[in-house]
Number of protein chains: 2
Amino acid sequence: MTPVKQTNQSRFPVWFELKHVCRQSGARTGIVHTPHGSFETPSFMPVGTQATVKGMSPEEIKGMGAGMILANTYHLWMRPGSDIVREAGGLHTFMNWDRGILTDSGGFQVFSLSDLRHITEDGVGFKSHIDGSSHVLTPEKSIQVQNDLGADVIMAFDECTPWPAEHDYAKQSLQRTLRWLERCMKTHQRSHDQALFGIVQGGTHEDLRKISARETCSMDLPGYAIGGLSVGEPAELMVEMLEATVPILPADRPRYLMGVGSPDYLIEGSLRGIDLFDCVLPTRIGRNGTALTSQGRIIIRDAAYARDFGPLDADCDCYVCQNYSRAYIRHLIKAKEMFGLRLTSWHNLHFLSHLMQQIRDAISQDELLSFRESFYDRFGYVKAGQLKKK
Amino acid sequence: MTPVKQTNQSRFPVWFELKHVCRQSGARTGIVHTPHGSFETPSFMPVGTQATVKGMSPEEIKGMGAGMILANTYHLWMRPGSDIVREAGGLHTFMNWDRGILTDSGGFQVFSLSDLRHITEDGVGFKSHIDGSSHVLTPEKSIQVQNDLGADVIMAFDECTPWPAEHDYAKQSLQRTLRWLERCMKTHQRSHDQALFGIVQGGTHEDLRKISARETCSMDLPGYAIGGLSVGEPAELMVEMLEATVPILPADRPRYLMGVGSPDYLIEGSLRGIDLFDCVLPTRIGRNGTALTSQGRIIIRDAAYARDFGPLDADCDCYVCQNYSRAYIRHLIKAKEMFGLRLTSWHNLHFLSHLMQQIRDAISQDELLSFRESFYDRFGYVKAGQLKKK
């Protein structure tokens, strides 16, 4: 991977500015520019499914340096309805968030309602999880809803091919996803202020990933995502697929690895040239009382922490670790107090934000492979070297 | 009621400094001084039952100007245990709150566990609401637990006489409460930094209220509370009891009306010389999606607010009203999002804090009766004049 010449202007509303390529690993730092501000990459996007990052205020999320959050089209379409969000002035105004927003296509959610949906060439028929009412999500509908919501980045309507998938099914699925992408592009009404990203699929078949990447990139879109990974397949397979795909993606567009947010996968993805990540992990495990620390995960409900008056992570300088003890947070979680869920979510989001800062620093200093090794030595999650970087 | 000469020193750790007596109403403003700072009165204390004001951070509560919060002895004794709080360095350190704290005696909770308790002269036997284990709460135990917790104000162990109560029962109950008070005073180990308040009982019997007030005040305590009101009796009866009791309480000690927090009762109590109030109302109704506004209560789940992009209260300058719409908050509440509960709780706490500021201002300007009338005209809650001030 070699540095790419950049211009300060782009014909797209969202664009990537390359800053540095790590001489040790080939990973890259950059800046993603959006109509709602710019931020450094590689970057983790907190998930605000229903127009709120669970338990957190926008100011708290900003305080961690987040430049972009993800909201879910399916949920907001079903409730409160994209018409209400549009009338409110769009999602930024509705939820009081003035930085970047990315909406997914809704496809992942309707495909996940496995008992309640059927797929045709036209789209996916399904029943609402709220009231059981019938709806059809098509590429056109997904884009129309996303145009209503008004996020800076909107995603093409795709099938997130499940794992495992036979070669035949994965091939048919990626080809339908390509046909759907063309329909998305035709429907999109706000190319001037919303960047439509295409999504590479292909299951865990290297040849299919390459076909999908080449075909998707031939559409000349403002950014590209890699979907259908981190869906249960072994880490080695995810890494193989990344290494088959990323080199085909144009170096001057942002690259987004969907649904990835565990510390090890954030490192492995960054190492392979990914710029953007999202995952519910930090808030979801936080609500279950699990905290990410530099020494690995801790389950704060454990009796071992009843009299532990130290912070969640002695190496962390976040609000939570500066002000609250494990004993207090354990008490709150056991007493089912909202503030306990806020504190664990806050710390976990900060932990990932800080990890991304460390990753960017390591890339800038041409030592991301060394950072990976030292991180795994302490975090003990995936042993360095298990996932060899080619 | 006439102004009292004040000294700047007190032999008590918590003491009252009189500022002004309203010439229109006789209500008073003052300052309550504690080992953890001073604050203006009349004042409302947010309730942090389990060492957290539900959903809120200490900084947010401070931002509203709260000088003292209430925590519940029963809950903290049962979980995490007062020994753990003591080992943490006391409740202030445990919960990261460096202003005043008041703990109740635990009596109200164990008496409320009506199926699970029995009362003797010694105290109250009961079963834990958490695991059903058996415990006895006595005056000695209540004070020992409160000494462990380390609040600035601790409350005597009393029976909150239920309403209605016959004269005979109310009399026996208040006499037992007086005997328990003596045992509390004997047990109290931290008179130098924790102020023990006595509690006036007597049901809704004027003669008993006077006896209880005189006997309790003869103990020369740093402050006095009025208990057993706002427990279901008509507003007129509450007002009669206040008017029978308050004149007996010494003017140079803080006066605390327990469990009161609806806007009308805060006004009626202040009007009759009360300095301190507490209630779960703002956070409890907030979690149910009800907001206090200058025009009365609104139930934000109502369909009427689905497209209402205005603030909860157009006259409110709180964080919530400056940044979020009724439509957004309604969406969050309907979607069961934590942030919705934070926002309604936040606004309601601010509303009461602002109301207390308005009450203090009105007293300072000798126009509390006029303020009461104009407030009720808009809030429409208790019509001005229904509760005549003698």
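Above this text you will find the structure in question.
Reading guide: rules and limits
Residues numbered from 1 in each chain as written. Chains lettered and ligands numbered in written order. Predicted model: local features only at pLDDT ≥ 70, side-chain atom pairs only at ≥ 80, totals over all residues. Heavy atoms only, no water. Contact = heavy atoms within 4.5 Å. Buried area = accessible area lost by both parts, 1.4 Å probe. Salt bridge = Lys/Arg side-chain N within 4 Å of Asp/Glu carboxyl O. Polar contact = N/O pair within 3.5 Å; in protein donor to acceptor, adjacent residues only side chain to side chain. Helix = DSSP H or I, 4+ residues; strand = E, 2+ residues; numbered from the N terminus. Nonpolar A, V, L, I, M, F, W, Y, C, P; charged D, E, K, R; others polar. Core = buried A, V, L, I, M, F, W, Y, C linked by side-chain atoms within 4.5 Å. Buried < 20%, exposed > 50% of the residue type's maximum accessible area, 1.4 Å probe, protein only. 1 Å grid on protein atoms, 1.4 Å probe; cavity = no way out; pocket = protein on both sides within 12 Å on 5 of 7 lines; lining within 4 Å. Points joined across faces, edges and corners; volume = space filled by probe spheres on them. Axes fitted to C-alpha atoms, helices over the stretch in contact; angles between N-to-C directions. Parallel < 35°, antiparallel > 145°, perpendicular 65-115°, else oblique. Left-handed = near helix turned anticlockwise from the far one by under 90°.

Draft legend 1. Geometry of the interface of chain B and chain A. With 38 residues of chain B at the contact, the number on the chain A side is 38 residues. Around 3,400 Å² of area is buried between chain B and chain A when both sides are counted, 56% of it from carbon and sulfur atoms. Among the residues of chain B in contact with chain A, His331, Glu337 and Met338 of chain B are the three that bury the most area, contributing 19% of the side total. Applying the counting rule to chain B against chain A returns eight salt bridges. The interface formed by chain B and chain A includes 24 residue pairs in polar contact (both at pLDDT 80 or more). Elements with a minimum of two residues in the side of chain B that touches chain A: helix 1 (58-63), helix 3 (82-87), helix 4 (91-95), helix 12 (319-323), helix 13 (326-334) and helix 14 (338-364) of chain B. A total of five residues in the side of chain B that touches chain A trace back to one element, the largest contributor, which is helix 13 of chain B. Partitioned by chemical class, the residues of the side of chain B that touches chain A number 20 nonpolar, seven polar and eleven charged.

Draft legend 2. Broad picture of the nonpolar core. Grouped together as the largest cluster of nonpolar side chains are 196 residues, with contacts concentrated most on Leu91 of chain A together with Leu91 of chain B. Contact partners of Leu91 of chain A, with chain neighbours within four places excluded, come to Ala51, Ala71, Leu76, Val85, Asn96, Ile101, Thr103 and Leu149 of chain A.

Draft legend 3. Geometry of the layout of surface pockets. In this structure, the largest pocket occupies an estimated 950 Å³ of space. Lining the largest pocket are 42 residues, with Asn72, Asp104, Phe108, Gln109 and Gly259 of chain B sitting closest to its centre. Secondary-structure elements contributing two or more residues to the lining of the largest pocket are helix 2 (73-78), helix 5 (107-112), strand 14 (276-279) and helix 11 (281-287) of chain B. Among the elements that take part in the lining of the largest pocket, helix 5 of chain B stands out by supplying five residues, more than any other. Approximately 740 Å³ is the volume found for the second largest pocket. In terms of lining, the second largest pocket is formed by 33 residues, of which the most central are Asn72, Phe108, Gln109, Asp278 and Val280 of chain A. Split by residue class, the lining of the second largest pocket holds eleven nonpolar, 16 polar and six charged.

Draft legend 4. Main features of unusual backbone geometry. Residues Arg79 of chain A and Pro80 of chain A are joined by a peptide bond in cis, for which omega reads 10°. For Pro80 of chain A, the location among the structural elements is in the loop between helix 2 (73-78) and helix 3 (82-87). A cis amide bond links Thr41 of chain B to the next residue, Pro42 of chain B, at an omega of 0°. Looking at the secondary structure, you find Pro42 of chain B in the loop between strand 3 (37-41) and strand 4 (43-46). Positive phi values are uncommon outside glycine, yet Asn96 of chain A reaches one of about 65°. Position of Asn96 of chain A relative to the elements: it lies in the loop between helix 4 (91-95) and strand 6 (100-103). Judged by its relative accessible area of 19%, Asn96 of chain A is buried. With a phi close to 55°, Asp366 of chain A is a non-glycine residue in the positive phi region. Within the secondary structure layout, Asp366 of chain A lies in the loop between helix 14 (338-364) and helix 15 (368-379). Look at Asp366 of chain A and you get buried, because its relative accessible area is 17%.

Draft legend 5. Looking closely at the packing of helix 10 (residues 263-271) of chain A against helix 14 of chain A. All names here are of chain A. Interhelical geometry of helix 10 versus helix 14 gives an angle of 25° and a closest axis separation of 11 Å. Of the possible angle classes, the one that applies to helix 10 and helix 14 is roughly parallel. Once helix 10 is placed against helix 14, the crossing between them reads as right-handed. For the pair helix 10 and helix 14, contact is made by Pro263, Leu266, Ile267 and Ser270 and by Phe351, Leu352, Leu355, Met356 and Ile359, respectively. Broken down by class, the residue content of the contact of helix 10 with helix 14 amounts to eight nonpolar, one polar and no charged.

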